[in-house]
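Summary of the model geometry
So the chains spell out like this:
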Amino acid sequence: MRRPIVAGNWKMHGTRADNARLVEELLAGLPDGAAAECLVCPPFVYLQEVGRLVRDTPIQLAAQDVCAEAQGAFTGEVSAAMLKDVGCGFVIVGHSERRWIYHESDQLVARKFAAAQAKSLVPILCVGEQLAEREAGRTEEVVGRQLDVVLELCGVAALRAAVIAYEPVWAIGTGRSATPEQAQVVHAFIRERIGMRDAKVADATRVLYGGSVKAGNAAELFARPDVDGGLIGGASLNAEEFLAILAACGSR
Ligand code: 13P
């Protein structure tokens, strides 16, 4: 059984006061026995403080990015060891905003994935096609390539301690989510692609969907057999919405 994950990617939003309020509201509304693991991904500067607020609670701490290098003269970068040091368990790598706005290559993303795992952080590897790629029928080619570069560098067994997030770029922040069927098709493709190397790993790997997930569409997305939760942007900044998305995974 794959335990679902609902992760809130706060992106570059919030203040110390906003974060404290949001965490307080989340903790107040979090049910006992939620089916899903619950993660929040604050900006770097707030990790330590949010980490303190969620310590000994069911909310786990994740970062939004990591440096591919272990340490050294890399001004402005944050290492995996530092993230571990302030209490992160997970880190997003290869978010489309990093790939497209900051020109991160598949190779750099794969090295970030490896750097995270070297410090026992669980990477959440984002993959996804742009609108023009989908319209050209290239979704599987693009997502397959993004995945393969990581599998080549790290090996399929590395996915035992990783999570994948399928985030079609055209669905992020646009209010236009993939339909549950569109998501399922790509999630099944991802699982098959992993399964070509190792069927057991493919079966155990959690594949989250991200892109305009809201309280109103979460349940139908999460009901698809290969959708193991969500990576939530805008809706994760509102406790009521985020808790409703978490509840859409059910209870256990
Ligand atoms: P939205 O939920 O705002 O579309 O963002 C999705 C996302 O990029 C999460 O990483």
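Just so you know, these numbers come straight off a predicted model, no measurement behind them.

Between its first and last C-alpha, helix α5 (residues 106-118) extends 18 Å over 13 residues, near the 18 Å set by a 1.5 Å rise per residue. Within α5 the residues assigned to the buried category are Asp106, Val109, Ala110, Lys112, Phe113, Ala115 and Ala116. Looking at the packing, one finds that the buried side of α5 touches α3 (80-85), β4 (90-93), α4 (96-101), β5 (122-127) and α7 (139-154). Remark: serine 120 follows α5 within two positions and exhibits a positive phi of approximately 60°.

Ranked by size, the top nonpolar core spans 67 residues in total, and within it Val6, Leu83, Ile190, Ile194, Tyr209 and Phe222 carry the most contacts. Aside from chain neighbours lying at most four places away, what touches leucine 83 is Phe44, Leu47, Ala63, Asp65, Val66, Val78, Cys88, Val91 and Leu121. Membership of the second largest hydrophobic core comes to 13 residues, among which are Ala62, Ile92, Leu208 and Leu231.

Taken together, the eight strands give a closed barrel; going around it, the order is β1-β2-β3-β4-β5-β6-β7-β8, and neighbouring strands pair in parallel fashion. Pairwise comparison of adjacent strand axes, ignoring direction, gives a mean angle of 25° for this sheet. By the bridge criterion, four bridges tie strand β1 (residues 5-9) to strand β8 (residues 229-232) in an arrangement that is parallel. When the sheet's bridge partners are listed, valine 6 is paired in β8 with glycine 230. Relative to strand β3 (residues 59-63), helix α2 (residues 47-54) is tilted by about 170°, and along the sheet it contacts β2 (37-41) and β3. Against the sheet, helix α11 (residues 239-247) contacts β1, β2 and β8, and its axis sits at roughly 160° relative to β1.

With respect to spatial proximity, the complete set of residues near the ligand consists of Asn9, Lys11, His95, Glu167, Ala171, Ile172, Gly173, Gly211, Ser212, Leu231, Gly233 and Gly234. One nitrogen or oxygen atom from the side chain of lysine 11 is found 2.8 Å from an oxygen atom belonging to the ligand. The backbone of serine 212 places a nitrogen or oxygen atom 2.7 Å from an oxygen atom of the ligand. Protein chains bury 96% of the 310 Å² of accessible surface belonging to the ligand in isolation. Among the residues making up the shell around the ligand, the classes are represented as three nonpolar, seven polar and two charged.

Take the pairing of β2 next. Regular strands place their side chains on alternate faces of the sheet. Within β2, five of the five residues are buried, which leaves the element mostly enclosed by the surrounding structure. Judged by which residues are buried, β2 turns out to be covered on both faces: Glu37, Leu39 and Cys41 on one side and Cys38 and Val40 on the other are all buried. Two strands pair when backbone bridges link them, and β1 and β2 are joined in this way by five bridges, in the parallel orientation. Bridging from a neighbouring strand, isoleucine 5 pairs with glutamate 37 of β2. With helix α1 (residues 16-29) bridging β1 and its parallel neighbour β2, the resulting β-α-β unit is right-handed.

The subject of this paragraph is the packing of helix α10 (residues 215-222) against α11. Helix packing geometry: the angle between the two helix axes and the distance between the axes. Axis separation between α10 and α11 bottoms out at 8 Å; the angle between their running directions is 20°. When the interaxial angle is binned, α10 and α11 end up roughly parallel. Note that α10 runs across α11; the crossing there is right-handed. For the pair formed by α10 and α11, the contact residues are Ala215, Ala218 and Phe222 on the first element and Glu241, Ala244 and Ile245 on the second. Class assignment of the residues belonging to the contact of α10 with α11 gives a composition of five nonpolar, no polar and one charged.

Taken N-terminus to C-terminus, the directions of α1 and α2 make an angle of 25°; their axes are 10 Å apart at the nearest point. Between α1 and α2, the crossing angle belongs to the class labelled roughly parallel. Regarding α1 and α2, the two cross each other, and that crossing is right-handed. Here Arg16, Asn19, Ala20, Val23 and Leu27 of α1 lie close against α2, whose contacting residues are Glu49, Val50, Leu53 and Val54. Partitioning the contact of α1 with α2 into residue classes produces six nonpolar, one polar and two charged.

What counts as what
Residues numbered from 1 in each chain as written. Predicted model: local features only at pLDDT ≥ 70, side-chain atom pairs only at ≥ 80, totals over all residues. Heavy atoms only, no water. Helix = DSSP H or I, 4+ residues; strand = E, 2+ residues; numbered from the N terminus. Expected span 1.5 Å × (residues − 1). Buried < 20%, exposed > 50% of the residue type's maximum accessible area, 1.4 Å probe, protein only. Contact = heavy atoms within 4.5 Å. Core = buried A, V, L, I, M, F, W, Y, C linked by side-chain atoms within 4.5 Å. Pairing = 2+ DSSP bridges. Axes fitted to C-alpha atoms, helices over the stretch in contact; angles between N-to-C directions. Near = heavy atom within 4 Å. Polar contact = N/O pair within 3.5 Å; in protein donor to acceptor, adjacent residues only side chain to side chain. Areas by Shrake-Rupley, 256 points an atom, 1.4 Å probe, with all protein chains shown as cover. Nonpolar A, V, L, I, M, F, W, Y, C, P; charged D, E, K, R; others polar. Right-handed = clockwise from strand over helix to strand, strands pointing away. Parallel < 35°, antiparallel > 145°, perpendicular 65-115°, else oblique. Left-handed = near helix turned anticlockwise from the far one by under 90°.

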